[in-house]
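Here is how the chains run, residue by residue.
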Amino acid sequence: YSKDGKFIYLMYELKKAIDVYTYKTGDRAPVIEKIQTISTTSTKKPDNLTAACAMRMSVDQKYIYCTNAGENTISVYKRDEETGLLTMICCLPISGAYPKDVAVFPDGRHIASVNHDSGTISFFKVDYEKGLLVMSGRSVPVNEPNCCAIVKIGEK
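Residues numbered from 1 in each chain as written. Predicted model: local features only at pLDDT ≥ 70, side-chain atom pairs only at ≥ 80, totals over all residues. Heavy atoms only, no water.

### A closer look at the sheet that holds strand β7 (residues 86-93)
Heads up, the condition is: Two strands pair under a simple rule: DSSP has to find at least two bridges between them. The way it works is that DSSP assigns letters per residue, a run of H or I at least four long becomes a helix, a run of E at least two long becomes a strand, and they are numbered from the N terminus. Axis definition: a line fit to C-alpha positions, over the contact stretch in the case of helices; interaxial angles, taken between N-to-C directions, run 0 to 180 degrees.
Reading across the sheet, the four strands line up as β4-β5-β6-β7 and stay open at both edges, with antiparallel pairing between neighbours. With one partner strand each, in any of the chains shown, β4 (51-57) and β7 form the two edges of the open sheet. Averaged over all pairs of adjacent strands, the angle between their axes in this sheet comes to 20°, without regard to strand direction. Here seven bridges tie strand β6 (residues 73-79) to β7, and the two strands are oriented antiparallel to one another.

Right, here's the structure in full:
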């Protein structure tokens, strides 16, 4: 859900797509309407070995990120805060195999790809204007990572 409660983002692992829905409260039940379906992959016809694995939203909710295992990519989308619609900025390879999760740094400019099969976590700077993921240093070895959360601590 978006913070304002107006939009729902639903990722489908095998369909390799994200559906966007509007959400409104109704008299007896919520009113939910699908307004967009967008691919998570870089190709029109991804193979059956590709699966959408994880979806995260930036802290400011201006961007959504999705990992694609098998294709070994991360997709970055710009989110229109008024309409809720997504526009793919890029879908680029990560330096690892089977990215099961993506963690977004609090600054909104860096992400970490959690790569299960290669046993690594790779770090990237996101250049939203150019549509690039720029690797930041070497990948860190980790034994079979599955998920990751990066949080800012120490603020009052």
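### Looking at the nonpolar core
Condition: The nonpolar core is taken to be a set of buried Ala, Val, Leu, Ile, Met, Phe, Trp, Tyr and Cys residues, with the residues joined through side-chain atoms within 4.5 Å. Think of it in three bands: with a 1.4 Å probe and only protein chains considered, a residue is buried below 20% of the maximum accessible area for its type, exposed above 50%, and partly exposed in between. In this analysis, two residues are considered to be in contact whenever any of their non-hydrogen atoms come within 4.5 Å of each other.
Counting residues in each nonpolar core, the largest one holds 13 residues, and the members touching the most others are Y65, I74, V76, I111, V126, Y128 and L133. Going through the elements one at a time, β5 (63-69), β6, β8 (99-104) and β10 (120-127) are the ones with two or more residues in this core. Excluding anything up to four places from it in sequence, Y65 contacts A54, M55, R56, M57, S58, S75, V76, V102, V104, G108, I111 and Y128. If you look at the next biggest cluster of nonpolar residues, it comprises ten residues, including F7, V20, I38 and L86.

### Focus: the environment of S2
Heads up, the rule is: Under this definition, polar contacts are N or O atom pairs within 3.5 Å; protein pairs additionally need one hydrogen-donor-capable and one acceptor-capable atom, and for neighbouring residues in sequence, both atoms have to be side-chain atoms.
Along the chain, S2 falls in the segment before β1 (7-12). The contacts of S2, once residues within four sequence positions are left out, are F7, Q61 and R79. At 2.5 Å, the side chain of S2 forms a polar contact with the side chain of D4. For S2, the side chain forms a polar contact with the main-chain nitrogen of K6, separated by 3.4 Å.

### Some points on the layout of surface pockets
Short version of the rule: A cavity here means a set of points on a 1 Å grid, drawn over the protein atoms and nothing else, where a 1.4 Å probe fits but cannot get out; a pocket is an open set with protein on both sides within 12 Å along at least five of seven lines, and a residue lines either one if it has an atom within 4 Å of a point. Grid points are joined across faces, edges and corners, and a volume is the space filled by probe spheres set on the points.
Of the pockets and cavities examined, the largest pocket occupies roughly 190 Å³. For the lining of the largest pocket, the elements supplying multiple residues, two or more each, are β4 and β8.

### So, the pattern of salt bridges
Applied cut-off: Salt bridge, as used here: a side-chain nitrogen of Lys or Arg that lies within 4 Å of a carboxyl oxygen of Asp or Glu.
Taken as a whole and judged by the stated rule, the model has four salt bridges. A salt bridge links K34 to D19; the shortest N-O distance between them is 3.9 Å. You can see K34 sitting in strand β3 (residues 31-39) and its partner D19 sitting in strand β2 (residues 17-24), a full 15 residues away along the chain. We classify K34 as partly exposed; its relative accessible area is 46%. With a shortest N-O distance of 3.6 Å, E129 and R109 are connected by a salt bridge. Separated by 20 residues along the polypeptide, E129 in the loop between β10 and β11 (132-135) and R109 in the loop between β8 and β9 (110-115) bring together distant segments of the chain. A relative accessible area of 31% places R109 in the partly exposed class. A network of salt bridges, in which partner residues are shared, links K15, D19 and K34.

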